[in-house]
Amino acid sequence: MSLRDATIDRERRDLVTHQVMDESRLIRFVAGPDGAVAPDLGRKLPGRGMWVEASRASIDAAVKKNLFSRSAKAALRPAADLAERVEAQLVRRCLDQLGLARREGVLISGFEKSAAAIRSGKAAWLIEATDGASDGRGKLLSLARHQTTRVCGAFGADDLSLALGLENAIHAVLLAGGRADRWGQEASRLAGFRPLRPPEWDLDHPSTHTGGEGAETGSGGGSGSDEDLGDEPLRAD
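Reading the values: the criteria
Residues numbered from 1 in each chain as written. Predicted model: local features only at pLDDT ≥ 70, side-chain atom pairs only at ≥ 80, totals over all residues. Heavy atoms only, no water. Phe/Tyr/Trp six-rings, centres within 6.5 Å; stacked < 30°, edge-to-face > 60°. Helix = DSSP H or I, 4+ residues; strand = E, 2+ residues; numbered from the N terminus. Buried < 20%, exposed > 50% of the residue type's maximum accessible area, 1.4 Å probe, protein only. Expected span 1.5 Å × (residues − 1). Axes fitted to C-alpha atoms, helices over the stretch in contact; angles between N-to-C directions. Parallel < 35°, antiparallel > 145°, perpendicular 65-115°, else oblique. Left-handed = near helix turned anticlockwise from the far one by under 90°. Contact = heavy atoms within 4.5 Å. Nonpolar A, V, L, I, M, F, W, Y, C, P; charged D, E, K, R; others polar. Salt bridge = Lys/Arg side-chain N within 4 Å of Asp/Glu carboxyl O.

K.L.:
I tried to follow the packing of aromatic side chains on my own but got confused; where do I start?
P.N.:
Each aromatic ring pair is specified by the distance between its two centres and by the angle formed by the two planes. Across all of its chains, the model carries 2 aromatic pairs by this definition. Measuring from centroid to centroid gives 5.1 Å for Phe29 and Phe68, while their planes differ by 65°, and the two rings are edge-to-face. One end of the pair, Phe29, is in strand 3 (residues 26–31); the other, Phe68, is in helix 3 (residues 67–72), and 39 residues separate them in sequence. For the pair Phe29 and Phe68, a shared accessibility class is recorded, and that class is buried.

Structure (structure tokens):
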């Protein structure tokens, strides 16, 4: 069962804001036997889960306000850099998914092939290296703007090249389908930690930004009262 399938119609309460959210917007944490707090991005670790919105601000708030201990009713010692650790794991999950997509034949790379896929309407995501040349990126962003293609610029060329097994990966397109849906879910969680579309891109290419990608630029967290909040599923009736 995929992560997407496992979270359909399942909702949890955010430990920080107490808002009820779909699991796809949250990070699950479990308490370790040594009192550590471990992120469980795949939602497979045993133990009672503690759920926090997938954002740097929310995880930092949960650590600062001792909300993990209050939820678990036990003395827990979450790492001060817990948000950074979650971000690193999300980056790895996203890059691993891209590698799988290429092996499955649903990810193509290179400027010309990427442009053709966008023009055809088959591209779900345009993935651009953050450190690629501005001119080529601008042309592809312009094409994506006129399609339903979403844009991700969260990774450098070295990381993309390693994930895809290519020498110099700058431009790539993830074709629409199940793999793109699963990758998009991971990317949406990553957006709470780093912008999927770097702000400087809109300075370089202001006409290519549709304004519809606000959810892809990251989100903050809030604060709420401190209740016992765990794995009990919640549904909005």
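K.L.:
For this particular structure, what's the right way to read helix 4 (residues 82–104)?
P.N.:
An α-helix turns once per 3.6 residues; consequently, residues spaced three or four apart project the same way. The terminal C-alpha atoms of helix 4, which comprises 23 residues, lie 33 Å apart, in line with the 33 Å expected from a rise of 1.5 Å per residue. Taken together, the buried positions of helix 4 are Leu82, Ala83, Val86, Glu87, Leu90, Val91, Cys94, Leu95, Gln97, Leu98, Gly99 and Ala101. Note on helix 4: the residue one or two positions beyond its end, Gly105, has a positive phi of about 85°.

K.L.:
Just checking my understanding: could you explain the packing of helix 5 (residues 111–120) against helix 6 (residues 134–145) for this structure?
P.N.:
Packed helices, taken two at a time, are described by their axes: the angle between them and the distance between them. Taken N-terminus to C-terminus, the directions of helix 5 and helix 6 make an angle of 15°; their axes are 9 Å apart at the nearest point. Considered as vectors, helix 5 and helix 6 are oriented roughly parallel to each other. Our pair here, helix 5 against helix 6, has a crossing hand that is left-handed. Of helix 6, the residues touching helix 5 (which contributes Phe111, Ser114, Ala115, Ile118 and Arg119) are Gly136, Lys139, Leu140, Leu143 and Ala144. A breakdown of the residues in the contact of helix 5 with helix 6 according to their chemical character gives 6 nonpolar, 2 polar and 2 charged.

K.L.:
Would you explain the environment of Leu162 in this entry?
P.N.:
Within the secondary structure layout, Leu162 lies in helix 7 (residues 157–164). As for Leu162 and Asp96, which are separated by 66 residues in sequence, their C-alpha atoms are 9.8 Å apart.

K.L.:
For this particular structure, what's the right way to read the environment of Gly136?
P.N.:
Here Gly136 shows up in helix 6. The class for Gly136 is buried, based on a relative accessible area of 12%. Considering only alpha carbons, one finds Gly136 and Phe111, 25 residues apart in sequence, at a separation of 7.4 Å. Excluding anything up to four places from it in sequence, Gly136 contacts Phe111 and His171.

K.L.:
In this structure, what is going on with the pattern of salt bridges? I would like to understand it.
P.N.:
Once their charged atoms are close, side chains differing in charge can pair, the charge on each being opposite to the other. Throughout the structure, instances matching the rule amount to 13 salt bridges. Residue Glu87 is joined to Arg56 by a salt bridge in which the shortest nitrogen-to-oxygen separation is 2.5 Å. With a gap of 31 residues between them, Glu87 in helix 4 and Arg56 in helix 2 (residues 56–64) connect regions that are remote in the sequence. Of the charged contacts in the structure, one is a salt bridge between Arg179 and Glu104, with a shortest N-O distance of 2.5 Å. You can see Arg179 sitting in helix 8 (residues 178–190) and its partner Glu104 sitting in helix 4, a full 75 residues away along the chain. Overall, the relative accessible area of 42% leaves Glu104 in the partly exposed class. Look at the salt bridges and you will find they share partners, linking Arg10, Arg12, Glu23 and Arg43 into a network.

K.L.:
Explanation requested: the packing of helix 2 against helix 4 in the structure shown.
P.N.:
Their axes nearest at 8 Å, the elements helix 2 and helix 4 cross at an angle of 140°. Considering the angle they form, helix 2 stands oblique to helix 4. Helix-helix and strand crossings are classified by hand; for helix 2 and helix 4 the assignment is right-handed. In this structure, helix 2 contributes Arg56, Ile59, Asp60 and Val63 to the contact, and helix 4 contributes Leu82, Ala83, Glu84, Val86 and Glu87. Broken down by class, the residue content of the contact of helix 2 with helix 4 amounts to 5 nonpolar, no polar and 4 charged.

Function cannot be read off these values alone, since they describe shape.
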